[in-house]
Amino acid sequence: MPRPSVERIQLDELTCWQIRHADKELLISQQGAQILSYKENGRPLVWLSDQAAFKQGQPVRGGVPICWPWFANLEHNPEPVQTMHNQPSSATAHGFVRSLGWQLQGIETEGNGVRLDFVFDTRLHPQPDWPYAAQLHFQVRLDDRLHMALTTCNLSDTTLRYSQALHSYFAVSDIRQVKIEGLQGHSYLDCLDGWSRKHQTDEPVFSAETDRVYLDTPAAIAIIDDPWGRKINLLSSGSRSAVVWNPWTEKSLRLTQFAHNAWQGMLCIEHANAAEDFQALESGEQHTLSVSIWSS
Ligand SMILES: O=P(O)(O)OC[C@H]1O[C@H](O)[C@H](O)[C@@H](O)[C@@H]1O
């Protein structure tokens, strides 16, 4: 098999890397260590918006933004996560690391693939209202699958309590014709109904705006996309919660970098440590959230 090729490219204001390996193509930006897109055989598996803007200080719509050290609006987080911040009501949604520069530590070809390592040290980006020391390490590996691993190491003297998500956008044929395998029988918080707790009896399908945090989730989840004859397999560790999101028609009109009909061709399944699955690390402890993705 030919060796992977790695090319540094500039997309408007963002420095990115394009990795080609066998039939796979990965695009990742230094800002936010954000995977922007991932294709197999030229077909998108990780979705990137047609209206994506590549600007400094703005997360890109699509790919896999990293939400940390809180997921969603901080005020919707459990109190131990909220109290880490001095002003939860004014905190930016999804934390602050998705729109800041990460350091690329290295790109290595290894075995039958390639590995990129990014780090983010909160001490280099002081947050006056969130005064903690932590180091994040995001490792992306591409072999016959795409692997992501986000490690948080608590460098503070005190306990670090945080929520997080790998906010993955997936490309689907038609949201109205796909279903999710692995979540039936699980409880979820319905963010569109006051975060009330509900029970998922059957496999989730989509016929309206959906914004849910599934709880106590299994390691294996899949998107079944019959019109495209594709199953997207997701295998995680270090996570017991997953967010499922599609904005549908009305919310699409309010989203930035999002075409009005883009909801039809995307679905977010975001492996997380959200709600009661938030993490608490003692000084010096670390935790890794990882997800592997492949189609079959
Ligand atoms: O527009 P963003 O800040 O990137 O958030 C996009 C979406 O992220 C998550 O999936 C949330 O559950 C949604 O409520 C939110 O709309």
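Residues numbered from 1 in each chain as written. Predicted model: local features only at pLDDT ≥ 70, side-chain atom pairs only at ≥ 80, totals over all residues. Heavy atoms only, no water.

Student: I'm lost on the sheet that holds strand β19 (residues 230-237) in this one. Help?
Tutor: Think of a sheet as strands paired side by side through backbone hydrogen bonds, with each pair either parallel or antiparallel. Strand order across the open sheet formed by eight strands is β7-β8-β9-β10-β23-β19-β18-β14, with antiparallel pairing between neighbours. Edge positions in the sheet fall to β7 (103-110) and β14 (178-181), since each of these pairs with one other strand and no more. Taking each pair of neighbouring strands and ignoring which way they run, the sheet shows an average axis angle of 15°. In this sheet, strand β10 (residues 146-154) lies alongside strand β9 (residues 134-142) in antiparallel orientation, the contact comprising nine bridges. Across the sheet, Ala 134 pairs through a bridge with Asn 154, a residue of β10. (Pairing = 2+ DSSP bridges. Helix = DSSP H or I, 4+ residues; strand = E, 2+ residues; numbered from the N terminus. Axes fitted to C-alpha atoms, helices over the stretch in contact; angles between N-to-C directions.)

Student: Sorry, what's going on with the pattern of salt bridges here?
Tutor: Think of it this way: side chains of opposite charge can pair up when their charged atoms draw near. The final tally for this structure, using the stated rule, is 14 salt bridges. With its nearest N and O atoms 3.0 Å apart, the salt bridge here joins Asp 174 to Arg 176. Here Asp 174 falls in the buried class, since its relative accessible area comes to 15%. The exposure class of Arg 176 is partly exposed, given its relative accessible area of 42%. Taking the shortest distance from any N to any O, the salt bridge between Lys 198 and Asp 190 comes out at 2.9 Å. Given a relative accessible area of 9%, Asp 190 falls into the buried group. Salt bridges linked by common partners bring Glu 110, Arg 115 and Asp 117 together as one network. (Salt bridge = Lys/Arg side-chain N within 4 Å of Asp/Glu carboxyl O. Buried < 20%, exposed > 50% of the residue type's maximum accessible area, 1.4 Å probe, protein only.)

Student: Whenever I open this one, the site of the ligand confuses me. Can you help?
Tutor: In the region of the ligand, the neighbouring residues are Arg 61, Phe 71, His 94, Arg 98, His 167, Asp 211, Val 243, Trp 245, Lys 251 and Glu 270. In this structure, Arg 61 approaches the ligand through a side-chain N or O atom, which is 3.1 Å from an oxygen atom. Contact distances for the ligand include 3.0 Å between an oxygen atom and a side-chain N or O atom of His 94. The fraction of the free accessible surface of the ligand (390 Å²) that becomes covered by protein chains is 81%. Residues of the shell around the ligand, tallied by class, amount to three nonpolar, two polar and five charged. (Near = heavy atom within 4 Å. Polar contact = N/O pair within 3.5 Å; in protein donor to acceptor, adjacent residues only side chain to side chain. Areas by Shrake-Rupley, 256 points an atom, 1.4 Å probe, with all protein chains shown as cover. Nonpolar A, V, L, I, M, F, W, Y, C, P; charged D, E, K, R; others polar.)

Student: Before we go on, may I ask you to explain the pairing of strand β23 (residues 286-295) in this structure?
Tutor: Each regular strand shows side chains that alternate between the opposite faces of the sheet. Taking burial as the measure, the 10 residues of β23 include seven buried ones, the bulk of the element. Two strands pair when backbone bridges link them, and β10 and β23 are joined in this way by eight bridges, in the antiparallel orientation. Its bridge partner lying in β23, Thr 152 is registered against His 287. With six bridges joining them, β19 and β23 adopt antiparallel strand pairing.

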